[in-house]
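# Close look at the chain arrangement
Okay, here's what each chain looks like letter by letter:
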Amino acid sequence: MANGCRRKPDRLSNRNDLVGLFPASDQGDVDTAVAAAKKAFASWRLVPAPKRGELLYRVGELLKAHKEEIARIMTREMGKVLKETRGDVQEGIDTAFYVAGEGRRLFGETTPSELPDKFAMSVRAPVGVCALITPWNFPMAIPTWKMFPALICGNTVVLKPAEDTPYTAVKLFEILQRAGVPPGVVNLVLVQGRGEEVGAALVRHPDVQLVSFTGSAAVGREVAAVCGQSLKRVSLELGGKNAQIVMEDADLGLAVEGALWGAFGTTGQRCTATSRLILHHDIKTKFIDRLVARIEKIKIGDGLDESVEIGPLINRAARDKVQSYMEIGRQEGARVLIGGSAYDIGACANGFFFQPTILDRVTPNMRVAQEEIFGPVLSVIEVPDFDAAIAVLNGTRYGLSSSIYTADVNRAFRAMRDIEAGITYINGPTIGAEVHLPFGGVKDTGNGHREAGTTVYDIFSEWKSIYVDYSGRLQKAQIDNVE
Ligand code: NAD
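Residues numbered from 1 in each chain as written. Predicted model: local features only at pLDDT ≥ 70, side-chain atom pairs only at ≥ 80, totals over all residues. Heavy atoms only, no water.

### Re the overall build of the protein chain
Definition in use: Helix and strand labels come from DSSP, where a helix needs a run of H or I of at least four residues and a strand needs a run of E of at least two; each type is numbered from the N terminus. The globule rule is 2.2 Å times the number of residues to the power 0.38, and the radius of gyration it is compared with is taken over C-alpha atoms. Buried residues are those whose accessible area, probed at 1.4 Å on protein chains only, stays under 20% of the maximum for their type, while exposed residues exceed 50% and partly exposed ones sit between those limits. Should any heavy atoms of two residues lie within 4.5 Å, those residues are considered in contact. What sets the accessible areas is the Shrake-Rupley method with a 1.4 Å probe; for residues, cover comes only from the shown protein chains.
If you tally the helices and strands in the protein chain, you get 15 helices and 19 strands. Over its C-alpha trace the protein chain gives a radius of gyration of 24 Å, about what one expects of a compact globule, namely 23 Å for 483 residues. Dimensions of the protein chain, computed from the C-alpha atoms along their principal axes, are close to 80 × 65 × 40 Å. Within the protein chain, the fraction of its 483 residues that count as buried is 56%. Long-range contacts, defined here as pairs at least 24 residues apart, represent 74% of the contacts in the protein chain between residues at least 6 apart. Counting every atom, the protein chain has about 19800 Å² of accessible surface; 53% of that belongs to carbon and sulfur.

### Details of the side chain of Lys-241
The cut-off we apply is this: Counting rule applied: Lys, Arg positive; Asp, Glu negative; His and chain ends not counted. When a carboxyl oxygen of Asp or Glu lies within 4 Å of a side-chain nitrogen of Lys or Arg, that pair is called a salt bridge. Each polar contact in these results corresponds to two N or O atoms within 3.5 Å; when the atoms are within protein, one needs to be able to donate a hydrogen and the other to accept it, and residues that are neighboring in sequence are counted only if both atoms are side-chain atoms.
Positionally, Lys-241 belongs in the loop between β9 (233–237) and β10 (242–246). Here Lys-241 is buried and forms no salt bridge, its nearest opposite-charge partner Glu-371 lying at an N-O distance of 7.9 Å. A distance of 3.0 Å separates a polar atom in the side chain of Lys-241 from the backbone oxygen of Val-368. Setting aside anything within four residues of it in sequence, one finds Lys-241 in contact with Ser-275, Arg-276, Val-368, Ala-369, Gln-370, Glu-371, Glu-372, Ile-373, Thr-396 and Tyr-398.

### Side note on the pattern of salt bridges
Within the structure shown, the criterion is met by 30 salt bridges. Here Lys-160 and Glu-163 are joined by a salt bridge, their closest N and O atoms 3.9 Å apart. An identical accessibility class is assigned to Lys-160 and Glu-163; each is buried. Connected via shared salt-bridge partners are Glu-68, Arg-72, Arg-86 and Glu-306.

### Observations regarding the domain arrangement of the protein chain
Going by this rule: Each domain's limits were defined by an automated method or a database of domain assignments. Computed with a 1.4 Å rolling probe, the buried area is the accessible surface lost when two parts are put together, summed over both parts.
Assigned domains within the protein chain: domain 1 (27–238 + 446–466) and domain 2 (242–426). Here domain 1 and domain 2 have C-alpha centroids that lie 31 Å from each other. The partner domain 2 presents 21 residues to the 18 residues of domain 1 that form the contact. For the pair domain 1 and domain 2, the two sides together bury roughly 1600 Å², of which 59% comes from carbon and sulfur. Among the residues of domain 1 in contact with domain 2, Val-81, Glu-84 and Trp-136 are the three that bury the most area, contributing 30% of the side total. Counting across the domain 1 and domain 2 interface gives 2 salt bridges. Here Glu-84 ties to Arg-270 by a salt bridge, and the two come within 3.6 Å at their closest N and O atoms. The set of elements that each furnish at least two residues to the side of domain 1 that touches domain 2 consists of α3 (67–78), α4 (82–102) and α8 (217–230).

### Topic: the site of the ligand
What counts, and what does not: Put simply, a residue is near a molecule or strand once any heavy atom of it comes within 4 Å of that molecule or strand. For this classification, Asp, Glu, Lys and Arg are treated as charged, while Ala, Val, Leu, Ile, Met, Phe, Trp, Tyr, Cys and Pro are nonpolar and the rest, including Gly, are polar.
Around the ligand there are 29 residues in total, and Thr-134, Glu-163, Ser-216, Leu-238 and Glu-372 lie nearest to it. One of the side-chain nitrogen or oxygen atoms of Trp-136 is found 3.2 Å away from an oxygen atom of the ligand. Listed by contribution, the elements that provide at least two residues to the shell around the ligand are α7 (195–204), β8 (210–214) and α8. When residues in the shell around the ligand are grouped by element, the largest group, 4 residues, is from α7. Residue composition of the shell around the ligand, grouped by class: 15 nonpolar, 8 polar and 6 charged.

### Remarks on the sheet that holds strand β7 (residues 186–187)
Hydrogen bonds between backbone atoms are what pair the strands of a sheet, whose relative direction is either parallel or antiparallel. Put simply, the test is: Two strands make a pair as long as DSSP finds a minimum of two bridges between them. Between N-to-C directions, angles cover 0 to 180 degrees, with each direction set by a line fitted to C-alpha atoms, over the stretch in contact for helices.
Read across the sheet, 5 strands follow the order β7-β6-β5-β8-β9 without closing on themselves; strand pairing throughout is parallel. Both edges of this open sheet fall to β7 and β9, since each of them pairs with a single strand only. As paired strands, strand β5 (residues 129–133) and strand β6 (residues 156–160) are joined by 5 bridges and run parallel to one another. The partner of Leu-132 across the bridge, within β6, is Leu-159. Helix-sheet contacts for helix α1 (residues 27–44) involve β5, β6 and β7, and the interaxial angle to β6 is about 155 degrees.

This is the structure in structure tokens:
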């Protein structure tokens, strides 16, 4: 159905490694996919939810069986190191099993009616055709986070994965087919063209009832505006400018390891990545010395090499963007302590690598402390006390993840209360969400929804209230039962 083929553009650790050829879909393909989803909805919504759950159990088993194969594909496709791409597939497996069980729950409520001989309850109903639009940084976890809850609720879906990661999405689609998903319930392959074209066409499509979008705040705003005009339900998971606070009483060794993992895991390309490090004045110098010593030992390279800790950035534009922030930071008065430029030693010349970087002397309002850089760059901000640390952490337009390292239980509880973020870690890095807890953020990170956990079902289902009057007469609420 694709109107043409294109070679994946140059990217990653080895630009000579062609991972595949993928269709570039257009508006006609979107129409075909949505029509298939609409047709399939008529029967899929009537399949008992426990049966839909059984299908997801099979999907989970197949993902387990193919975990290594998919992880290797993902590393070749988008560059994350193998241990992380295995984790990405594992998140899909965890979601499959977690959501499959929901097929025997999907609880509503029963409650007494105010009138005699009348029964009252609320149930979850499917929404219809859901458009799932996803980024490239978690090519398995994010599509499955959206798709499996959508399916268990009885919806059908059209997935538009990011342009940079079609292969992983194709593997997921193959697994769904092997598990026995009926035709039209999940539509993917036809709709993997460019965001501005097929993504926008999907969002506008009149037969799409719900848009679940994860990506940048800029595109999220556009998507929300279109959905606002058509009164379409839309859930947005957008960017972050996450911070780790280290207080003077913290276990510094633990906090250094947390900062390394939070800032440089996935080459800093996580929505929850630590991009600001807020250090108490008393420990700043010592902490930075230890951090720099560790960074000097980090191995950068091809993610297929098990000993490599940091892979490349996703593409040339991403590396150019990260590089541009070095100059922006310098002009504002920040100082590059380590890193600061592309890494093109040996085989890394074939990819878009960037050195793990620390920017020192950053102040809270600098652009490098406010804007999402989405690369291996950590901006260090010094603070005199706890209150200042919390104020700096809260001082951005985003509010996704956050972290504080402290040995003081009172401070830990104040931080849990006062930090403005959807996720707070105490003595852990800003990354590491688990699939059975709500995931999302406040302020410009989203529009109030939470994926994962039990909260995701509020995105993918409609509440329906049902009253059954078995009195045999007309009873008027708020009227007949009032003296
Ligand atoms: P992006 O916004 O450029 O693209 C996301 C998706 O939207 C892609 O599939 C893209 O093709 C599509 N798209 C682009 N233009 C579109 C349009 N006009 N209409 C509809 N769809 C369109 O983001 P990205 O670069 O792929 O991902 C990085 C961003 O995602 C970062 O900002 C990161 O913080 C964010 N992110 C957020 C979360 C979260 O859960 N909060 C998780 C991962 C990534």
